Amino acid sequence: MKRATQLIHHPGGTCEYTGAVSVPIYQVSTFAQDAVGANKGYDYSRSGNPTRAVLERYIASLEAGEHGFAFASGMAAISSCLALLKTGDHVIATAGLYGGTYRLLTRIYEDLGITTTFLDTGDLKATERAFTARTAAVFVETPSNPMMRITDLRALSDIAHRRGALLMVDNTFMSPWLQRPLEAGADLVIHSATKFLGGHSDLIVGLAACRDPDLAKRLGRIQNAVGAIPGPMDCWLLMRGMKTLGVRLERGQATAARIAEWLVRQEEVEQVLWPGAADLAGAEVHRRQADGPGAILSFRLREGLSGTALCNRTRVWTLAVSLGAVESIITLPARMTHLPYPPGEREALGIDDRLVRLSVGLEDPDDLVADLADALAGAREEEAAP
Ligand SMILES: *Cc1c(COP(=O)(O)O)cnc(C)c1O
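Keep in mind that this is a model prediction, so the values were computed, not measured.

Each value, and the rule that gives it
Residues numbered from 1 in each chain as written. Predicted model: local features only at pLDDT ≥ 70, side-chain atom pairs only at ≥ 80, totals over all residues. Heavy atoms only, no water. Helix = DSSP H or I, 4+ residues; strand = E, 2+ residues; numbered from the N terminus. Rg over C-alpha atoms; globule rule 2.2 N^0.38 Å. Contact = heavy atoms within 4.5 Å. Areas by Shrake-Rupley, 256 points an atom, 1.4 Å probe, with all protein chains shown as cover. Lys, Arg positive; Asp, Glu negative; His and termini not counted. Charge placed at Lys NZ, Arg CZ, Asp CG, Glu CD. Expected span 1.5 Å × (residues − 1). Buried < 20%, exposed > 50% of the residue type's maximum accessible area, 1.4 Å probe, protein only. Phe/Tyr/Trp six-rings, centres within 6.5 Å; stacked < 30°, edge-to-face > 60°. Lys NZ or Arg CZ within 6 Å of the ring centre and 35° of its normal. Pairing = 2+ DSSP bridges. Axes fitted to C-alpha atoms, helices over the stretch in contact; angles between N-to-C directions.

A. Expanded view of the overall build of the chain. Looking only at helices and strands, one finds 14 helices and 12 strands in the chain. For the chain, whose C-alpha radius of gyration is 21 Å, the value lies close to the compact-globule estimate of 21 Å for 386 residues. Seen along its three principal axes, the alpha-carbon backbone of the chain occupies a region of about 80 × 50 × 35 Å. Taking as baseline every contact in the chain between residues at least 6 positions apart, the subset at least 24 positions apart corresponds to 73%. Carbon and sulfur atoms make up 52% of the accessible area of the chain, which totals about 16200 Å². Averaging the locations of the 39 positively and 45 negatively charged side chains of the chain gives two centres separated by 4 Å.

The structure is reproduced here in structure tokens:
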């Protein structure tokens, strides 16, 4: 089945008892048992809920996995996956990844004795050199957020597996519509479903998928033991959003291409970072492992111009954290999503007050470009003002 069809006709998507074409919301915590130890497949909704179970099969099928897991948030998904590790283990992670993941690794897991080396995982030689006897996992975002560094998933999964480490990929930026890391050899794929999968800025949910039954058993145990699960209503709302993932992303991506092309021609813009730009380092690798450049791009204003001034002036673009929604979102990562990074480290990554991130939604492309043009003109005037 092709992906567009899979999004609509996913396993369990039609109720087998009534024919309802929308998954029933099992708003329930416990299930009556036939006898002690005998139930109909469910006993308590933390351990398993029929609505959540359909969502879990849905993400497994989209990611070409065998097992899916839903969590209360993207961070709950990431921390539950990292709970596969133990004290003394070492992690290699993409430098500049999502601020919340950086915070989790450096402030929570570090205290539990799990150390992390952050580096450009796109540099395979440097990544291989960073392995130690204790490296148990490699945690990757590709493209990375917001610098769009590209990591070769196939090559890195070979390296990780040769060293006996798991490859975990946060696939939030691409979604399974554009990139399926399990097909490239990753062991675990993780999502903040809050973003593209949900798509409407109306829920917080995390997802994960894998192929290996043993890994699935371990992650299922963590999911049940830690209990960071989403409620049935949010699972349902997420599935409603997922049905339109393909059309939303295709449209956002087409508009992103138009905006990238326009930004490159603006004298206020020093650099445009987008996987669809031929001059982006790793663009070739990205084209090989993904089906499109995606709907998120970053750009750097030329020296003297302030990203804050630009962001404060947009009217059509929503100034907010988050991404992957029907509304286009403008973000200043240095002061918003990447605040958990120490200032020095942030600057070293290139995340400064001139770097702006755009998540392109579904508005008319003309309005989005015109709004950016007005905001750029405003930022220029502010620069000229004494
Ligand atoms: C938003 C985001 C997260 C965290 O997800 P939540 O649903 O907000 O907990 C993790 N990774 C990436 C890349 C994100 O954009």
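There is more to say after this.
B. Expanded view of helix α10 (residues 245-264). An ideal rise of 1.5 Å per residue puts 28 Å on 20 residues; α10 measures up with 28 Å between its terminal C-alpha atoms. For α10, the set of buried residues is L245, G246, R248, L249, G252, Q253, T255, A256, I259, A260, W262 and L263.

C. Examining the packing of aromatic side chains more closely. One pass over the full model with this rule turns up 3 aromatic pairs. Aromatic pair Y102 and F118: ring centres 5.0 Å apart, planes at 45 degrees, arrangement tilted. Of this pair, Y102 sits in helix α4 (residues 99-109) while F118 sits in strand β3 (residues 115-119), and the two are 16 residues apart along the sequence. Assessed through its relative accessible area of 24%, F118 is described here as partly exposed. Through successive ring pairs, a cluster of aromatic residues spans Y102, F118 and Y341. The cationic tip of R3 hangs over the ring face of W177; the distance from NZ or CZ to the ring centre is 5.9 Å.

D. Focus on the sheet that holds strand β4 (residues 135-141). Read across the sheet, 7 strands follow the order β1-β7-β6-β5-β4-β2-β3 without closing on themselves; strand pairing throughout is mixed. Edge positions in the sheet fall to β1 (67-71) and β3, since each of these pairs with one other strand and no more. With strand direction ignored, the average angle separating the axes of adjacent strands in the sheet is 20 degrees. Sheet topology note: the β4/strand β5 (residues 166-170) ladder contains 5 bridges and is parallel. If you follow E141 over to β5, its bridge partner there is D170. Contacts between helix α2 (residues 50-62) and the sheet are confined to β1, β6 (188-192) and β7 (206-210), with β1 contributing the most and set at about 125 degrees to the helix.

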